[in-house]
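# Secondary and tertiary structure notes
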Amino acid sequence: MKEHKAGFISIVGKPNVGKSTLMNQLVGEKLSIITSKAQTTRHRIMGIVNGETEDSEFQLIYSDTPGIIKPQYELHSAMMEFVHGSLEDADVVLFVTDIYEKYDEEDVIQKLQKTQSPIILIINKMDLATPEIIEEKITHWKAVLNPAHIMTISALQNIGIEGLLEQVIKLMPVHPPYFPKDELTDKPERFFAAEIIREKIFLNYKKEVPYSCEVVVTAFKESDDIIRVSSEIYVERDTQRAILLGHKGERIKKVGTEARLEMEQFFGKKIFLEQYIKVEQDWRQKRIKLDRFGY
Ligand SMILES: Nc1nc2c(ncn2[C@@H]2O[C@H](COP(=O)(O)OP(=O)(O)O)[C@@H](O)[C@H]2O)c(=O)[nH]1
Ligand SMILES: [Mg+2]
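The sections below set out a description of the structure shown in this document.

Rules and cut-offs
Throughout this document, residue positions are counted from 1 along each chain, in the order its sequence is written. Here the convention is simple: chains get letters from A, ligands get numbers from 1, in the order in which they are written. Confidence filtering applies because this is a predicted model: local features only for residues at pLDDT of at least 70, side-chain atom pairs given and counted only at 80 or more, and all residues used for totals across whole chains, interfaces and linings. By convention in this description, side-chain values take in all heavy atoms of the structure and omit both hydrogens and water. Secondary structure elements follow DSSP: runs of H or I of four or more residues count as helices, runs of E of two or more count as strands, with numbering from the N terminus. In this setup the radius of gyration rests on C-alpha atoms only. A globule is expected at 2.2 Å times the number of residues raised to 0.38. Working definition: with a 1.4 Å probe on protein chains only, accessible area under 20% of the residue-type maximum means buried, over 50% means exposed, and in between means partly exposed. In this analysis, two residues are considered to be in contact whenever any of their non-hydrogen atoms come within 4.5 Å of each other. Each accessible area value is a Shrake-Rupley result obtained with a 1.4 Å probe; residue values ignore everything except the protein chains displayed when judging cover. Two residue types count as positive, namely Lys and Arg, and two as negative, namely Asp and Glu; His and chain ends fall outside the count. We put the charge of a Lys on NZ, of an Arg on CZ, of an Asp on CG and of a Glu on CD. The near set for a molecule or strand comprises every residue that places at least one heavy atom within 4 Å of it. Residues adjacent in sequence count toward polar contacts only when both atoms are side-chain atoms; beyond that, a polar contact is any pair of N or O atoms within 3.5 Å, and within protein one must be able to donate a hydrogen and the other to accept it. Convention adopted: a line fitted to C-alpha atoms gives each axis, helices being fitted over their contacting stretch, and angles between N-to-C directions are expressed from 0 to 180 degrees. Working definition: roughly parallel below 35 degrees, roughly antiparallel above 145 degrees, roughly perpendicular at 65 to 115 degrees, and oblique for all remaining angles. We call a crossing left-handed when the near helix sits turned anticlockwise from the far one by less than a right angle, and right-handed when that turn is clockwise. Note on residue classes: Ala, Val, Leu, Ile, Met, Phe, Trp, Tyr, Cys and Pro are nonpolar, Asp, Glu, Lys and Arg are charged, and everything else, Gly too, is polar.

Along its length, the protein chain carries 10 helices and 9 strands. Compactness check: the protein chain gives a C-alpha radius of gyration of 20 Å against a globular reference of 19 Å for 295 residues, within 12% of the reference. The dimensions of the protein chain, computed from C-alpha atoms along their principal axes, are 55 × 45 × 35 Å. A burial count over the protein chain gives 53% of its 295 residues as buried. Nonlocal contacts in the protein chain, meaning residues at least 24 apart in sequence, comprise 72% of its contacts between residues at least 6 apart. Just so you have it, the protein chain exposes about 14200 Å², and 51% of that area is on carbon and sulfur atoms. Side-chain charges in the protein chain split into 40 positive and 46 negative, and the spacing between the mean points of these groups amounts to 7 Å.

Have a look at this one:
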C-alpha cells in the first residue's frame, strides 16, 4: 500500500498577480474567474486534485482567495475573512507575487507572519520579465520574507507549474483524503453559474459597474438535455441598472449570450439562461445584505 498524503494549500497575494490563473492551471479546470481587473475573486474557492506519485497517493485541496487589500467596504472585510480562514487551514501557503511588485506588500507580510506553515513564494508572469528583473525580485524576497522556497513561473503560459506541483506534494502531510475522490470543489453548481455571469459582467463593463454587481442564481434545474438557470443581478443604483441594460437591453443580452456559452462548456449541457436586474441600494456596505449574498 502506498501512503496517502492530503492537505490544504492556500493561494494568497495582492490583487491581479495571477492567483486565479494559477489555481485553474493547478486544478486543470477553470473554477475561478479571471479578468484583468483587480478584486474579481470575492470568495474562497476550493479546487481539489487527486493523483499519485511513485510512492504516494495524494489529495491536494487548493484555495483561491480574494486579493489582499485594505478594506473600504463591508464587502472587503468579508473578503479578507476568507483570506484569513484559508491561511488558518493551510498546510502550505503559495504566496503569489508578480514581476510588477512595487515593494508595498506590508499588509500581506503581516498576515503571512502569523502562519506557521511553509511558504512557497511565487514570482509570476516571468514571461514578461528579463532575467535581471527576476534576479532583483528574488534578492528582494529573500531579504524581506526568506520563504521555504522561491519559484518563478508563468501561470498563463503554464511554465514552472510541474515543478511547483512536485514541491507542493513533497510538503503535504500524510493524511487520509478529506473529500470523496470524485469531488472537484466545495462549491455547488449554482455558485459557478453565478461566477460565470459575474465574469462576463467584469469583461463587458467599465470600472464602477462590475464592482457594484452581485449575481445570485435563484434556480438551477437540470434535466436530461438542458439546464435551466435563473439569475438575479443586483446593482446599487438605478443609474447602474440603466448602464447594465444598455440601449434596448442590448448590453445585458451580450452578457447573457457569453455566459450561456461558457456555462454550456463548463457543465457540458445546453443551458437556458434567464437574467433579472434588481437594485439593492448600497449592498456592499450593509452587513445584513452581505449575509444574504453569502459573505
Ligand atoms: N503575462 C501574464 N499574464 C498573466 C499571468 N498570470 C496571470 N496573468 C494575467 O493577469 C491578470 C490577473 O489574473 P488573475 O488570475 O485574475 O489574478 P488574481 O487577481 O490574482 O486572481 C489576468 O489578465 C491574467 O490573464 C502570467 O503568467 N503572465
Ligand atoms: Mg482572482
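Now that the structure has been shown, we can carry on.
This next bit is on the site of ligand 1. Within the structure, ligand 1 sits among 17 residues, and Asn16, Lys19, Ser20, Thr21 and Asp127 are positioned closest to it. The separation between an oxygen atom of ligand 1 and a polar main-chain atom of Asn16 is 2.8 Å. Lys125 is positioned such that a nitrogen or oxygen atom in its side chain is 3.2 Å from an oxygen atom of ligand 1. Top contributing element to the shell around ligand 1 by residue count: helix H1 (residues 19-27), with 3 residues.

With that settled, the discussion passes to the side chain of Thr65. Turning to its location among the elements, Thr65 is positioned in the loop between strand E3 (56-64) and helix H2 (74-89). A polar atom in the side chain of Thr65 sits 2.7 Å from the backbone oxygen of Ile11. Thr65 has contacts with Ile11, Val12, Lys19, Thr41, His43, Phe82, Val83 and Ser86, leaving out every residue within four places of it along the chain.

What follows concerns the packing of helix H6 (residues 189-204) against helix H9 (residues 250-267). Two quantities define a packed helix pair, namely the angle between the axes and the distance from one axis to the other. Where H6 meets H9, the axes come as close as 9 Å, and the angle between the chain directions of the two elements is 140°. With respect to H9, the element H6 is oriented oblique. Once H6 is placed against H9, the crossing between them reads as right-handed. Residues Glu189, Phe192, Ala193, Ile196, Ile197, Glu199, Lys200, Ile201 and Asn204 of H6 lie in contact with H9, whose contacting residues are Arg251, Lys254, Val255, Glu258, Ala259, Glu262, Met263, Phe266 and Phe267. Classifying every residue of the contact of H6 with H9 by side-chain character gives 10 nonpolar, 1 polar and 7 charged.

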